[in-house]
Amino acid sequence: MKRIGLALSGGAARGIAHLGVLKAFDELGIKPSILSGVSSGAIVGVFYAAGYSPDDTLRLIKELRIYRIMRLAIGQVGILHLDEVEKLYHRYLGDQATFEDLAIPVIIGATDMHAGVTVNFSSGNLIKPLIASSAVPVLYRPVQYEGMLLNDGGLLDNLPLEALTGKCDFKIGVHSNPLNHDARITSLRSMIERTAHLAINNNVQLRRHLCDFFIEPPALKYYRLMSFSKADELFEVGYTYTMSIKKELLQVTISA
């Protein structure tokens, strides 16, 4: 049987839909041999590879209070800390967690702000790259690690398919940021969010041809990046859409 590689995009709250996709995969008997991810996709991938079920990870997300992870870091390169998130990872993944501890190989993408390139991590310390991969530039303080200044991996590569090259035989890309072409910009916040969305979505489209099967739940376009209060809905969107295409999905994965 050929090896299936699964690339999970970033998408903030929308990335919760990845959990629904993975629940559908479990029910359909589709077992990835390797995972790659950035930002929320990296978080989902790591917890799945660590043995947490999609439902268990959803419960952890719902228990986390956003205000607890937002601490000001005035004078730093970013204005918010991710210290509480790091504590959460240590609690559920282990203080000395490494990539080698995971049951399924995982590749995490982050952006080295000094060199201006994507850096992929797949061995050694697990927590630091995981924190870095979701540290949105300016908003969150970057992570100093191995001589690099690391921020959100989605900045340059929001669907890490290239990271899977040579490591699997069949690539599935899951993108959680479909564009809403009917969106209306009514505030500075919506303008900033739309600008980031358009820029990041463009780097995904440039790589879409690299995957053998592409999953993009269209209903996700109606959710905002910070819609964590709608975690159950986002999970269901991912699950329902994946089950709706199960015939095509099983055809390509069985033949793979």
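As recorded in an unreviewed UniProt entry, the protein goes by NTE family protein and comes from Pontibacter lucknowensis.

Caption draft 1: Broad picture of the overall build of the protein. When you go through the protein residue by residue, the secondary structure sums to 9 helices and 10 strands. In terms of C-alpha radius of gyration, the protein reaches 17 Å, essentially the compact-globule figure of 18 Å for 256 residues. Projected onto the principal axes, the alpha-carbon positions of the protein cover approximately 55 × 45 × 35 Å. When the 256 residues of the protein are sorted by exposure, 52% land in the buried category.

Caption draft 2: View of the packing of helix 1 (residues 17-28) against helix 3 (residues 54-63). Close contact between helix 1 and helix 3 brings their axes to 9 Å; oriented N to C, the two are set at 160°. By the angle between their directions, the pair helix 1 and helix 3 is classed as roughly antiparallel. As helix 1 packs across helix 3, the resulting crossing turns out to be left-handed. Across from Leu 19, Leu 22, Lys 23 and Asp 26 in helix 1, the residues of helix 3 making contact are Pro 54, Asp 55, Thr 57, Leu 58 and Ile 61. For the contact of helix 1 with helix 3, the residue count by class is 5 nonpolar, 1 polar and 3 charged.

Caption draft 3: How the structure looks around the packing of aromatic side chains. Tallying each qualifying case throughout the model produces 4 aromatic pairs. Geometrically, the ring pair formed by Phe 47 and Tyr 52 is tilted, given 5.3 Å between the ring centres and 50° between the ring planes. An angle of 55° between the planes, with centres 6.2 Å apart, marks the rings of Phe 47 and Tyr 89 as tilted. A residue pair is termed long-range when its members are at least 10 positions apart, and Phe 47 in helix 2 (residues 40-49) and Tyr 89 in helix 5 (residues 83-93) qualify at 42 residues.

Caption draft 4: The confidence of the model for the protein, seen in detail. Scored by pLDDT, the protein has a mean of 89; 92% of the residues are at 70 or more. Here residues 69-75 scores under 50 on pLDDT; set against residues more than four positions off or in separate chains, the count is 18 contacts.

Caption draft 5: Layout of unusual backbone geometry. If you check the backbone angles, Ser 39 has positive phi at about 55° while not being a glycine. Inspection of the secondary structure assignment puts Ser 39 in the loop between strand 2 (34-37) and helix 2. Exposure remark for Ser 39: the relative accessible area of 8% places this residue in the buried category. With a phi angle near 50°, Glu 146 is a residue other than glycine that sits in the positive phi range. As for its placement among the helices and strands, Glu 146 is situated in the loop between strand 7 (143-145) and strand 8 (148-152).

Caption draft 6: Region of interest: the pairing of strand 6 (residues 117-121). Looking at chain direction, strand 5 (residues 106-112) and strand 6 are connected through 5 bridges and run antiparallel. When the sheet's bridge partners are listed, Gly 109 is paired in strand 6 with Asn 120. Linking two consecutive strands that pair antiparallel, namely strand 5 and strand 6, is a turn of 4 residues; a positive phi of about 70° is found at Gly 116 within it.

Caption draft 7: Looking closely at the environment of Val 44. Within the secondary structure layout, Val 44 lies in helix 2. Accessibility expressed as a relative area gives 3% for Val 44, which makes it buried. Once the C-alpha coordinates of Val 44 and Ala 17 are considered, the two residues, 27 residues apart in sequence, prove to be 9.5 Å apart.

Caption draft 8: Structural view of helix 2. Counting buried positions along helix 2 gives 9 out of 10 residues, so the element sits mostly inside the fold. Considered for burial, the residues of helix 2 that qualify are Ser 40, Gly 41, Ala 42, Val 44, Gly 45, Val 46, Phe 47, Tyr 48 and Ala 49. Immediately beyond the C-terminal end of helix 2, within one or two residues, lies Gly 51, with a positive phi of roughly 105°.

Caption draft 9: Just the pairing of strand 8, in detail. Most of strand 8 sits inside the fold, with 5 of its 5 residues counted as buried. As judged from the 3 bridges shared by strand 5 and strand 8, these two strands associate in the antiparallel manner. If you follow Ala 110 over to strand 8, its bridge partner there is Asp 152. Looking at chain direction, strand 7 and strand 8 are connected through 3 bridges and run antiparallel. Within strand 8, the residue paired with Tyr 145 across the bridge is Met 148. What sits between strand 7 and strand 8 in their antiparallel hairpin is a turn of 2 residues, with Glu 146 showing a positive phi close to 50°.

Caption draft 10: The pattern of salt bridges, seen in detail. Overall, the coordinates contain 7 salt bridges when judged by the stated rule. For Lys 128, the salt bridge goes to Glu 86, with nearest N and O atoms at 3.2 Å. Taken together, the residues span a long stretch of sequence, with Lys 128 in helix 6 (residues 127-133) and Glu 86 in helix 5 at a distance of 42 residues. By relative accessible area, Glu 86 is classed as buried at 18%.

Each value, and the rule that gives it
Residues numbered from 1 in each chain as written. Predicted model: local features only at pLDDT ≥ 70, side-chain atom pairs only at ≥ 80, totals over all residues. Heavy atoms only, no water. Helix = DSSP H or I, 4+ residues; strand = E, 2+ residues; numbered from the N terminus. Rg over C-alpha atoms; globule rule 2.2 N^0.38 Å. Buried < 20%, exposed > 50% of the residue type's maximum accessible area, 1.4 Å probe, protein only. Axes fitted to C-alpha atoms, helices over the stretch in contact; angles between N-to-C directions. Parallel < 35°, antiparallel > 145°, perpendicular 65-115°, else oblique. Left-handed = near helix turned anticlockwise from the far one by under 90°. Contact = heavy atoms within 4.5 Å. Nonpolar A, V, L, I, M, F, W, Y, C, P; charged D, E, K, R; others polar. Phe/Tyr/Trp six-rings, centres within 6.5 Å; stacked < 30°, edge-to-face > 60°. pLDDT = per-residue confidence, 0-100. Pairing = 2+ DSSP bridges. Salt bridge = Lys/Arg side-chain N within 4 Å of Asp/Glu carboxyl O.

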